[in-house]
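Each chain, written out:
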Amino acid sequence: MSKSLNLARVSAKGGANVLWGLTLSSVISAVGVIVVAGILSESDFGLLTKALIGPTIIMFIRDLGIDQAIIKYTTQYRAENNTEKLKNVVISGTVFEVIMGIVFTAMSLLLSGFMANILDKPTIVPLIQIASFTILAGALLKAAQSAFIGYDKMHFHSVTLIVHSILKTGLMVLLVTLSFGVYGAMIGDAISYLSSGLIGSALLYLIVIKKLRKQEGKLQLVSTIKAMLRFGLPLSIVAILVGVLSQFYSFLLAIYTTDQVYGNYQIAINFAMLVSIFATSITTVMFPTFSKLKVQEDPKTVRSVFQYSIKYTSLLIVPLTFAVIALSKPGVETLFQDSYEYAPLFLSLYVISFLYAAIGNLSTGALINSQGKTQVSMRITILTFAVGLVLGGVLIPQFEVLGLIVTHLTAGIPGLIITLWWIHKNYKATVDWKSSTKILAAAAFSAVLAYWILNQLNLASWISLLLGAAVFLGAYMITAPLIGAINHNDVKNLQDMLKSLGPIGTIVNPLLYPIEKITSKTKAQQ
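If you're wondering where the values come from, they're calculated on a predicted model, not measured in any experiment.

Draft legend 1. The arrangement of the overall build of the chain in detail. Helix and strand content of the chain: 20 helices and zero strands. In terms of overall size, the chain behaves like a compact globule, its C-alpha atoms giving a radius of gyration of 23 Å where 526 residues would be expected to give roughly 24 Å. For the C-alpha atoms alone, the extent of the chain along its principal axes is close to 70 × 65 × 45 Å. For the chain, the share of sequence-separated contacts (at least 6 apart) that also reach a separation of at least 24 residues comes to 84%. Carbon and sulfur atoms form 66% of the exposed surface of the chain, whose accessible area is close to 23100 Å². Where the 37 positive side-chain charges of the chain centre and where its 22 negative ones centre are 13 Å apart.

So this is what it looks like as structure tokens:
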């Protein structure tokens, strides 16, 4: 097996371990959101999400890139078998996260009145204060999860996600059901965060830190944190700008839309998580995968892995995105009947951004950062921030949610184009444009077919959802190999990667059989 395919196989296994955690936790959380949204009024649900805006912004600022530094350096020092530096990175990173969590939680509590006044919602000050405690809890959880990723213990990362979602859903639903209303939902969210943060910290100590403490060597907190900040600070600026821009959009939306429309948008975002969890699982393992490669030493493998990452990511994310677009209306109606009438439109438009996976937006950042070029990522993000700030400031007040979605879809395009140019210039790596075009075409055709068939029928929403999913899947599995979006070699590569996934591979592998038959016939005719 080539080095690039071996890396793909290892990444697939890590991604699968992240995926099952993200999937289960997202499903559990989605159930909680659906139940809570069903009990609360649309206006109360909108207030709940508005109260989280300020603390969420502060949470983005808190980390300063230490989480990414933990992942990078634990991976690097484990490969080098340097236990002394490994010990320093894990312990120093955890201490830093806790200190920053305490500092920024206090800051959020002090600024709660100011944040409520900006939203012109002075009554939500207590809600913001309750939400502020999620900042410290998030710091505890992030330190543990970053160390687990760096140690290739993705399953423990998934365990913390699932524990958090179970606690969150259980407590929020319980307190709302007991008539505590929006306050019950916020208290349940905060307690679940704090509990899962403490559990994550306990696991980190027992699995990692306890063993590291036995290793010889002086603990150098200050110098280690300085080194981690040098690497992580540009990435922190990236995360801060992305997070602040997102919350800037939310602030404008909260000011210029009704609570009812805002609630519809939040429901659409929750449905979009169906695609987001797959994208997140991919990006989670992409960074450590590229970190195992050096452009100067093996440029050919880097180019090969870059193209593989885009193609195989697209084969998953692109059809999933088109399926969500085609089935958004029956999907929302199955759960909410006649409520949240704007959510299907918002959902269909919002998820278009995931189609950018076909031109590398999930791979470019991981490649650049893995080679230590975090300054490049920072400059690109500053450009995106500036474009988004202008577009959002103009479009959201005029067109509300639709203006936000247009901004969301367009603000990052200039930066993505420049990033692809920079990678091609410096690494001689590029997108397989022909392959990406075929994948987009196959998925688009399948979505149009499913949408057209459902519009000809007058079926119950849940039946339309199931039928539409079946039509889409069948059409894609036939169309993709026929037009060459996936070829015989791709099938073999995918089958080989699935072998490392255990039960998941056993479940997914049968879906490749009909594709393999079609590609085999196509190959024989050539």
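Draft legend 2. Structural detail: the pattern of salt bridges. As enumerated under the stated definition, the model contains two salt bridges in all. The closest approach of N and O atoms between Lys168 and Asp189, which form a salt bridge, is 3.9 Å. Since its relative accessible area comes to 23%, Lys168 is described here as partly exposed.

Draft legend 3. Inspection of the environment of Leu233 at higher detail. Position of Leu233 relative to the elements: it lies in helix α9 (residues 221-256). Sequence separation between Leu233 and Met378 is 145 residues, and the spatial gap between their C-alpha atoms is 9.4 Å.

Draft legend 4. Representation of the packing of aromatic side chains. A complete count under the given rule lists 11 aromatic pairs for this structure. Residues Phe271 and Phe336 carry aromatic rings whose centres are separated by 6.4 Å and whose planes lie at 65° to one another, so their mutual orientation is edge-to-face. One end of the pair, Phe271, is in helix α10 (residues 259-291); the other, Phe336, is in helix α11 (residues 299-336), with 65 residues separating them in the sequence. With a centroid separation of 4.9 Å and an interplanar angle of 65°, the aromatic rings of Phe336 and Tyr340 are classed as edge-to-face. By relative accessible area, Phe336 is classed as buried at 7%. Accessibility expressed as a relative area gives 3% for Tyr340, which makes it buried. Members of the aromatic cluster, connected to one another through ring pairs, are Tyr73, Tyr77 and Phe231. The aromatic ring of Tyr262 is capped on one face by Lys50, whose charged end is 5.6 Å from the ring centroid.

Draft legend 5. How the structure looks around the nonpolar core. With 111 residues, the main nonpolar core has Ile124, Leu204, Val208, Phe290, Ile317 and Ile423 as its most contacted residues. When neighbours within four sequence positions are excluded, Ile423 is seen to be in contact with Phe306, Thr364, Leu367, Ile368, Lys428 and Ala429. Counting 26 residues, the second-largest nonpolar core is a separate cluster that includes Ala358, Ala442, Val471 and Ile486.

Draft legend 6. Spatial organisation of helix α3 (residues 53-62). Taken together, the buried positions of α3 are Ile53, Gly54, Pro55, Ile57, Ile58 and Arg62. A positive phi of about 60° marks Leu64, the residue just after α3.

Draft legend 7. Highlighting the packing of α11 against helix α12 (residues 343-350). Interaxial distance between α11 and α12 falls to 8 Å at its minimum, and their mutual angle equals 160°. As the angle between them shows, α11 and α12 are arranged roughly antiparallel. Seen along the crossing, α11 lies across α12 with a hand that is right-handed. When α11 is examined against α12, the residues Val324, Ile325, Ser328, Lys329 and Val332 are found in contact with a partner set consisting of Ala343, Pro344, Leu347 and Ser348.

Draft legend 8. Local environment of the side chain of Thr479. With respect to the helices and strands, Thr479 occurs in helix α17 (residues 461-482). Judged by relative accessible area, which is 14%, Thr479 ranks as buried. Among the polar contacts listed, one links the side chain of Thr479 to the backbone oxygen of Ala475, at a separation of 2.7 Å. Those residues in contact with Thr479 that lie beyond four places of it in its chain are Ala442, Phe445 and Ser446.

Draft legend 9. Region of interest: α11. Between its first and last C-alpha, α11 extends 51 Å over 38 residues, near the 56 Å set by a 1.5 Å rise per residue. Along α11, the sharpest kink reaches roughly 65°, centred on Leu327 and followed within four residues by the proline Pro330. Immediately beyond the C-terminal end of α11, within one or two residues, lies Gln337, with a positive phi of roughly 50°.

Draft legend 10. Broad picture of the side chain of Asn264. Tracing the sequence through the fold places Asn264 in helix α10. Side-chain polar atoms of Asn264 contact the backbone nitrogen of Glu341, separated by 3.3 Å. There is a polar contact of 3.1 Å between the side chain of Asn264 and the backbone nitrogen of Tyr342. Not counting residues up to four positions away in its chain, the partners in contact with Asn264 are Glu42, Tyr340, Glu341, Tyr342, Ala343 and Phe346.

Draft legend 11. Examining the packing of α9 against helix α14 (residues 374-410) more closely. Two elements in contact, α9 and α14, have axes whose closest approach is 9 Å; the angle formed by their N-to-C orientations is 5°. In terms of their interaxial angle, α9 and α14 are classed as roughly parallel. Looking at the contact of α9 with α14 residue by residue, the classes come out as 22 nonpolar, nine polar and one charged.

The rules behind each value
Along each chain, numbering runs from 1 in the same order as the chain's sequence is written. Per-residue local features are limited, in this predicted model, to residues with pLDDT of at least 70; the limit for side-chain atom pairs, both in listing and counting, is 80 or more; totals at the level of whole chains, interfaces and linings are taken over all residues. Heavy atoms from the whole structure form the basis of all side-chain values; hydrogens and water molecules are not counted. Secondary structure elements are defined from DSSP: runs of H or I of at least 4 residues count as helices, runs of E of at least 2 residues count as strands, and each element is numbered from the N terminus. The globule rule used here is 2.2 Å times the number of residues to the 0.38 power, and the radius of gyration it is set against is calculated over C-alpha atoms. In this description, contact between two residues means that some pair of their heavy atoms is separated by no more than 4.5 Å. The Shrake-Rupley method, run with a 1.4 Å probe, gives the accessible areas here. Residue values count only the displayed protein chains as cover. Charge assignment: positive for Lys and Arg, negative for Asp and Glu; neither His nor the chain ends contribute. For charged residues, the charge sits on one atom: NZ in Lys, CZ in Arg, CG in Asp, CD in Glu. The salt bridge criterion pairs a side-chain nitrogen of Lys or Arg with a carboxyl oxygen of Asp or Glu, the two atoms within 4 Å. Per-residue accessibility, obtained with a 1.4 Å probe over protein chains only, is compared with the maximum for each type, and a residue is labelled buried under 20%, exposed over 50%, and partly exposed between these values. Between 30 and 60 degrees the pair is tilted, below 30 it is stacked and above 60 it is edge-to-face, where a pair is any two Phe, Tyr or Trp rings, Trp via its six-membered ring, whose centres lie within 6.5 Å. A ring has a charge above it when a Lys NZ or an Arg CZ is no more than 6 Å from the ring centre and no more than 35 degrees off the ring normal. We define a nonpolar core as any set of buried Ala, Val, Leu, Ile, Met, Phe, Trp, Tyr and Cys residues linked to one another through side-chain atoms lying within 4.5 Å. Axis definition: a line fitted to C-alpha atoms, limited for helices to the stretch in contact. Angles are taken between N-to-C directions and run from 0 to 180 degrees. For this classification, under 35 degrees means roughly parallel, over 145 means roughly antiparallel, 65 to 115 means roughly perpendicular, and everything else is oblique. Crossing handedness is defined as follows: a turn of the near helix away from the far one that is anticlockwise and smaller than a right angle gives a left-handed crossing, while the clockwise case is right-handed. Whenever a nitrogen or oxygen atom comes within 3.5 Å of another N or O atom, the pair is scored as a polar contact, on the condition that within protein one atom can donate a hydrogen and the other can accept it, and that pairs from neighbouring residues in sequence are kept only if both atoms are in side chains. Here a helix's expected span is defined as the number of its residues, less one, multiplied by 1.5 Å. At every residue, the bend is computed as the angle between two fitted axes, covering the seven residues ending there and the seven beginning there respectively. For this classification, Asp, Glu, Lys and Arg are treated as charged, while Ala, Val, Leu, Ile, Met, Phe, Trp, Tyr, Cys and Pro are nonpolar and the rest, including Gly, are polar.

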